[in-house]
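Residue-level listing of the chains:
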Amino acid sequence: MERKWHIVSYRHYVLPEPLATKYGLKTGHAKLRPEDGDGHPVLFEFEHHLHCVDILRQATHWNYAYYLKKAKGPFANAPPIVKTHVNYCIDILRQVVMCQPDLGLFGQYWIEDTDEPFVDFHTNHKCKNFHEIREWVIENQMPKEKYRKVKVVKRPGDIVLPTIP
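Since this is a predicted model, take the numbers as computed values, not measurements.

Caption draft 1: Representation of the packing of aromatic side chains in the model. Taken as a whole and judged by the stated rule, the model has nine aromatic pairs. Geometrically, the ring pair formed by Y64 and F75 is edge-to-face, given 6.0 Å between the ring centres and 70° between the ring planes. One end of the pair, Y64, is in helix α2 (residues 61-70); the other, F75, is in the loop between α2 and α3 (79-99), and 11 residues separate them in sequence. Look at Y64 and you get partly exposed, because its relative accessible area is 25%. Relative to Y67, the ring of Y66 lies with its centre 4.9 Å away and its plane at 85°, an arrangement referred to as edge-to-face. Classification of Y66 as partly exposed rests on a relative accessible area of 49%. The rings of Y13, F44, F46, F130 and W136 are connected pair by pair, giving a single aromatic cluster.

What follows is the structure, encoded as structure tokens:
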């Protein structure tokens, strides 16, 4: 099934250095070269969460063989790496649900044939306007031409970790 829209999640946004700590970045996070405008290359977490939902969709038993055969994206890796990636995504999504739980309530209706109540999943949610956010994201991604040329450089004081966290 072809997607009707797509956020290019590998094209970063630039967060100006003076705003870094306001948004939870450390001064030691990676920055662009001064000639590229300084600032921190950043991505939105929801883009990663959508990536994880898509990976779970692809990794379900009825889709897995198809995507493994295509050998693209995460499925270009060996099955143990794909398994690790899927498990990582499950845990990230678990954390999102636990961090931002929906406190809406499900009522129940009686069902004649069973004489038991059944959950009414048709509830109202207090949501952010995802379509407006998506449009803003698409409009504010680093332009393709700039993204191909910009460089992130290690500077004195940048944080260097011994392994991938």
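Read on, since the account is not over.
Caption draft 2: Looking closely at the nonpolar core. Grouped together as the largest cluster of nonpolar side chains are eight residues: C52, I55, Y67, F75, V82, V86, C89 and L93. Sorting the residues of this core by element identifies α1 (45-59) and α3 as the ones contributing at least two each. Element by element, the count of residues in this core is highest for α3, at four residues. Discounting chain neighbours no more than four positions away, the residues touching Y67 are R57, Q58, K72 and F75.

Caption draft 3: Layout of unusual backbone geometry. Phi at D38 takes a positive value of approximately 55°, unusual for a residue other than glycine. One can find D38 in the loop between β2 (31-32) and β3 (40-42). A relative accessible area of 26% means that D38 is categorised as partly exposed. The phi angle at D115 is positive, at roughly 55°, despite the residue not being glycine. Take D115: it is sitting in the loop between β4 (108-111) and β5 (116-119). The exposure class assigned to D115 is exposed, which follows from its relative accessible area of 61%.

How each quantity is defined
Residues numbered from 1 in each chain as written. Predicted model: local features only at pLDDT ≥ 70, side-chain atom pairs only at ≥ 80, totals over all residues. Heavy atoms only, no water. Phe/Tyr/Trp six-rings, centres within 6.5 Å; stacked < 30°, edge-to-face > 60°. Helix = DSSP H or I, 4+ residues; strand = E, 2+ residues; numbered from the N terminus. Buried < 20%, exposed > 50% of the residue type's maximum accessible area, 1.4 Å probe, protein only. Core = buried A, V, L, I, M, F, W, Y, C linked by side-chain atoms within 4.5 Å. Contact = heavy atoms within 4.5 Å.

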